[in-house]
Amino acid sequence: MEQARQFCVIGYPLGHTMSPPIHKRLFALSGDSRAQYGVREIPPEALKSEAELLLKTMTGFNVTIPHKLGIMDSLTHLDETARRYGAVNVVDCRTKTGYNTDVVGFTRAVQGIGGSLKGRVLLLGCGGAGRMMAIETAFSGGGLTMAVRESDLPAAQALQAEIGEKVPGAAVDVTTLDNICGEFDLLCNATPVGMYPHDDACPVGEDVIARCGCVFDAVYNPHETVLIKTAHRLGKQAAGGTAMLVWQAVAAHEIWDNASYSPADIQALIQEMGERVQADFR
């Protein structure tokens, strides 16, 4: 009997992670009944030795905080996505290659609501996922406005300078959240505002949302934030962080198995996982 293929997610601490249910459903959708997907909590001081073992015994694994940078030292190759963002969230153990599919999850979630990074993009926040969204917008040729809290202006300006070096001529403006002017094709929220248990909050007012063509919110708990609900009420196409989670997982399966899925199956999975978040994370 053929041996089961092993996959997992590594991080520390992991707590309640959505990776196992998402990846198990994707394996089922692709007809792979042999794949097993688990959870490995690895403290930072043990990463090097554990990574060597994982690379020998696993087919592939996902990487989350705090190992997205540290894992790079154990890999032989880095995909362009990993080099561009200086972080790895997917590893193919067969080739010891690291990838960043967070960016793929983001771009496909945006495409799913008819959005584009080539137009006028309003980004709320500039740390973590916000940095990736900002850089990807610049590489896509979009006009970027980063809106942040007053205290985060130095960080936003530093990112603005970094983008100028990576993408000469990129159109990047910086402002504060209470001084957003103009109209935008796409609004992206990379702040934690609206996340459970403070899910009655919204990062910007309705007047700003009304001036945006469509809305992406990286928050996935709750499945529908106040920002998303407001966008829908205003007749806007909108998607939350669950779409990004699922699409980045799809990209991992494309790497591991060259798998393909129907858009209908993925949309159903996004809805299923959104409902699971509502049930399990409360």
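(A) Structural context of the overall build of the protein. Counting secondary structure elements, the protein contains 10 helices and 12 strands. Computed over its C-alpha atoms, the radius of gyration of the protein comes to 19 Å, within 12% of the 19 Å expected for a compact globule of 282 residues. The C-alpha extent of the protein, read off along each of the three principal axes, is 60 × 40 × 30 Å. Across the 282 residues of the protein, 49% fall into the buried class. Counting contacts in the protein only where the partners sit at least 6 residues apart, residues at least 24 apart contribute 67% of the total. Of the accessible surface of the protein, which amounts to about 12,800 Å², a share of 50% is contributed by carbon and sulfur atoms.

(B) Local environment of the packing of helix H5 (residues 129–140) against helix H6 (residues 153–166). One way to put it is that H5 packs onto H6 with a least axis distance of 10 Å and a crossing angle of 35°. Where H5 crosses over H6, the handedness of that crossing is right-handed. On H6, the residues touching Arg131, Ala134, Ile135, Ala138 and Phe139 of H5 are Leu159, Glu162, Ile163 and Lys166. Its residues placed into classes, the contact of H5 with H6 shows 6 nonpolar, no polar and 3 charged.

(C) Up close: the environment of Ala87. Note on placement: Ala87 falls in the loop between helix H3 (80–85) and strand S5 (90–92). Residues Ala87 and Ile22, 65 residues apart in the sequence, show an inter-C-alpha distance of 21 Å. Excluding its chain neighbours within four sequence positions, the residues that come into contact with Ala87 are Lys68, Leu69, Met72, Ala82, Tyr99 and Asn100.

(D) Spotlight on the pairing of strand S11 (residues 212–217). Of all 6 residues in S11, 5 are buried; the element is thus mostly enclosed. Here 5 bridges tie strand S10 (residues 184–189) to S11, and the two strands are oriented parallel to one another. The residue of S11 that forms the bridge with Asn189 is Asp217. Tracing the backbone out of S11, into helix H8 (residues 226–233) and back to the parallel element strand S12 (residues 237–239) gives a crossover that is right-handed.

(E) Up close: the nonpolar core. One finds Phe106 and Phe216 to be the most contacted residues of the largest nonpolar core, which totals 46 residues. The element that contributes the greatest number of residues to this core is helix H9 (residues 241–257), accounting for 6 residues. Every residue in contact with Phe216, bar those within four places of it in the chain, is listed here: Phe106, Ala109, Val110, Ile113, Met133, Leu186, Leu187, Cys188, Asn189, Ala239, Gly240 and Met244. Residues Leu54, Val63, Val91 and Cys93 belong to the second largest nonpolar core, which totals 17 residues.

(F) Broad picture of the packing of helix H1 (residues 19–29) against H9. Axis separation between H1 and H9 bottoms out at 10 Å; the angle between their running directions is 50°. It follows from the interaxial angle that H1 and H9 lie oblique. The element H1 and its partner H9 pack so that their crossing is right-handed. Within the contact between the two elements, H1 uses Ile22, His23, Leu26 and Phe27 and H9 uses Leu245, Val246, Ala249, Val250, Ala252, His253, Trp256 and Asp257. Classifying every residue of the contact of H1 with H9 gives 9 nonpolar, 2 polar and 1 charged.

(G) Examining the sheet that holds strand S2 (residues 36–41) more closely. Pairing in this open sheet of 6 strands is mixed, and the strands run S2-S1-S3-S5-S6-S4 from one edge to the other. Of all the strands in the sheet, just S2 and strand S4 (77–78) have a single pairing partner and so form its edges. As defined by bridge partners, strand S1 (residues 6–11) adjoins S2 across 6 bridges and the pair is classed as parallel. Across the sheet, Phe7 pairs through a bridge with Tyr37, a residue of S2. Lying on the sheet, H9 is in contact with S1, S2, strand S3 (60–63), S5 and strand S6 (97–99); it crosses S5 at an angle near 10°.

(H) Here's a closer look at the environment of Ala190. Mapping Ala190 onto the fold places it in the loop between S10 and helix H7 (206–210). Looking at Ala190, the relative accessible area reads 18%, which means it is buried. Residues Ala190 and Phe216, 26 residues apart in the sequence, show an inter-C-alpha distance of 8.9 Å. Excluding its chain neighbours within four sequence positions, the residues that come into contact with Ala190 are Leu123, Leu124, Ala129, Gly130 and Met133.

Each value, and the rule that gives it
Residues numbered from 1 in each chain as written. Predicted model: local features only at pLDDT ≥ 70, side-chain atom pairs only at ≥ 80, totals over all residues. Heavy atoms only, no water. Helix = DSSP H or I, 4+ residues; strand = E, 2+ residues; numbered from the N terminus. Rg over C-alpha atoms; globule rule 2.2 N^0.38 Å. Buried < 20%, exposed > 50% of the residue type's maximum accessible area, 1.4 Å probe, protein only. Contact = heavy atoms within 4.5 Å. Areas by Shrake-Rupley, 256 points an atom, 1.4 Å probe, with all protein chains shown as cover. Axes fitted to C-alpha atoms, helices over the stretch in contact; angles between N-to-C directions. Left-handed = near helix turned anticlockwise from the far one by under 90°. Nonpolar A, V, L, I, M, F, W, Y, C, P; charged D, E, K, R; others polar. Pairing = 2+ DSSP bridges. Right-handed = clockwise from strand over helix to strand, strands pointing away. Core = buried A, V, L, I, M, F, W, Y, C linked by side-chain atoms within 4.5 Å. Parallel < 35°, antiparallel > 145°, perpendicular 65-115°, else oblique.

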